[in-house]
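Fold and geometry: a report
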Amino acid sequence: MDYFDGKRLYITGGSSGIGLAAALLLASSGAHVAIFARNLEKMEAALNRIEAARVSRGQEFYSLSMDVSDHTDVSTKIKRAVGEFGIPDILIHCAGIADAGYFEDTSYEAFDNVIRTNLYGTRNVAASMLPYMKEKGGHIVIVSALAGLLGVFGWSSYSASKFAQVGFSECLRPDLARYNIAISVFCPGEVQTPLSDHLLGISPPESKALAKMSSKIMKALSPEKAAEILLEGVEKKKFLILAGNMSKISYFAYRNLPGLSRKILDMTVMRLGR
Ligand SMILES: NC(=O)c1ccc[n+]([C@@H]2O[C@H](COP(=O)([O-])OP(=O)(O)OC[C@H]3O[C@@H](n4cnc5c(N)ncnc54)[C@H](OP(=O)(O)O)[C@@H]3O)[C@@H](O)[C@H]2O)c1
């Protein structure tokens, strides 16, 4: 991936899953990589792996603990990172959490936590980066999900936060074009990471059955494969980056045949409920 050679990247959520896989791939492509997450121990272990994947001595690596849901923390830490590591060419906002359950069992606090992290986290990172990135242009990549393009049973807070990220990206794209900042939004289906294990583990029986059914047709991606598709899309400056044929088919069906798609979902849930 020559495109990334010598480029400077920030990756929020770079200590695990898709973000870590992207950081490793970028380090092995000659990029300078900075990662951000909350847990210091996990981040240090990740940074060691990323540094070990470097292909040249001149590459720079950096990590900083930051909670994306806290706007004061984000603006302080981004300012510090820019001073210590420089302005990124590309920002990949991958930090996120997930929650699941029937809506009636989802507390205000649990719902709020997901929205604050996934939606406000995206807003906070983009807003804090903008004053720096607009100086030289660049690329902001927002990691949403297939669950941000079609509603998933039992994932009311998660799916809502992911739809919001897609809407936010649609608005940023024309808005930031005047600063020569490109926007991409990545919407993969299931990727094998700690987040997906957690999400499926706590999902209601209907969601688990639906996931099991779709896994027969659409295999979960490895984080490495997801990161590869993500970075290929970034290189091509695609706005919407989908991962895997089944995601493309699901998205196409939902967008073009919404009535039929909902009917099939309702019938499947009813059948599974029996
Ligand atoms: N796995 C999937 O099936 C899948 C599918 C579609 C989309 N996605 C999306 O991909 C993104 C990455 O998920 P993943 O599957 O790679 O999950 P993961 O392995 O759990 O990684 C999540 C990362 O985000 C960080 N993070 C979480 N909350 C944070 C906060 N408040 N502030 C800063 N960093 C935070 C985590 O580190 P700390 O906990 O240390 O902060 C970790 O580095 C998420 O946005 C997710 O919605 C995942």
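Read on for an overview of the structure. (Residues numbered from 1 in each chain as written. Predicted model: local features only at pLDDT ≥ 70, side-chain atom pairs only at ≥ 80, totals over all residues.)

1. Focus on the overall build of the protein
Short version of the rule: Helix and strand labels come from DSSP, where a helix needs a run of H or I of at least four residues and a strand needs a run of E of at least two; each type is numbered from the N terminus. In this treatment the radius of gyration is a C-alpha quantity, and the globule benchmark scales as 2.2 Å times the residue count to the 0.38 power. Partly exposed residues are those falling between the two cut-offs: more than 12 but fewer than 20 other C-beta atoms within 10 Å of their own, whereas 20 or more means buried and 12 or fewer means exposed, with C-beta atoms placed from the backbone.
A count of helical and extended segments in the protein gives 10 helices and 7 strands. Taking 19 Å as the expected radius of gyration for a compact globule of 274 residues, we find that the protein reaches 18 Å, a close match to that expectation. Along the first, second and third principal axes, the C-alpha atoms of the protein reach 60 × 40 × 35 Å. Counting across all 274 residues of the protein, residues that qualify as buried make up 42%.

2. Side note on the site of the ligand
To be explicit about the condition: To decide whether a residue is near a molecule or strand, its C-beta atom is placed from the backbone and checked for lying within 6 Å of it. Any residue outside Ala, Val, Leu, Ile, Met, Phe, Trp, Tyr, Cys, Pro, Asp, Glu, Lys and Arg is labelled polar, Gly included; the first ten of those are nonpolar and the last four are charged.
If you check the shell around the ligand, you find 30 residues, and the closest are Gly13, Gly17, Arg38, Asn39 and Gly96. Residues that form the shell around the ligand fall into these classes: 13 nonpolar, 13 polar and 4 charged.

3. Some thoughts on the nonpolar core
Note on soluble globular proteins: their nonpolar side chains tend to be buried together. The condition that has to hold: What makes a nonpolar core is a set of buried Ala, Val, Leu, Ile, Met, Phe, Trp, Tyr and Cys residues, with links drawn between C-beta atoms within 7 Å. This entry defines residue contacts through backbone-placed C-beta atoms, with two residues in contact when those atoms are within 7 Å.
Ile11, Ala22, Ala23, Leu26, Val33, Ile35 and Ile92 are the most contacted members of the largest nonpolar core, which has 71 residues in total. Per-element tally for this core: the top contributor is helix H1 (residues 17-27), with 9 residues. Setting aside its immediate chain neighbours within four residues, Ile35 contacts Ile11, Gly14, Ser15, Ala23, Met43, Ala46, Leu47, Ile50 and Ser63.

4. Here we look at the sheet that holds strand E7 (residues 240-243)
Inclusion rule: Should DSSP find at least two bridges between two strands, the strands are taken to pair. All axes are obtained by fitting lines to C-alpha atoms, using only the stretch in contact for helices, and the reported angles, taken between N-to-C directions, cover 0 to 180 degrees.
Judged by pairing direction, the sheet is parallel, and its 7 strands sit side by side in the order E3-E2-E1-E4-E5-E6-E7 without closing on themselves. Each edge of the open sheet carries a strand with a single partner, namely strand E3 (61-65) and E7. Direction aside, neighbouring strands of the sheet carry axes that sit 15° apart on average. Against the sheet, helix H9 (residues 245-256) engages strand E6 (181-188) and E7, with an angle of about 120° to E7.

5. Side note on the packing of H1 against helix H8 (residues 223-235)
Where we set the bar: In this scheme, roughly parallel covers angles under 35 degrees and roughly antiparallel covers those over 145, while 65 to 115 is roughly perpendicular and the rest are oblique. Left-handed describes a crossing whose near helix is turned anticlockwise from the far helix by less than a right angle; the clockwise case is right-handed.
Two numbers describe how H1 lies on H8: the axes approach to 8 Å, and their chain directions differ by 65°. One element, H1, and the other, H8, form an angle in the roughly perpendicular class. The handedness of the crossing between H1 and H8 comes out as right-handed. Listed contacts from H8 to Gly17, Ile18, Ala21, Ala22 and Leu25 of H1 are Pro223, Glu224, Ala226, Ala227, Glu228, Leu230 and Leu231. Tallied by class, the residues present in the contact of H1 with H8 amount to 9 nonpolar, 1 polar and 2 charged.

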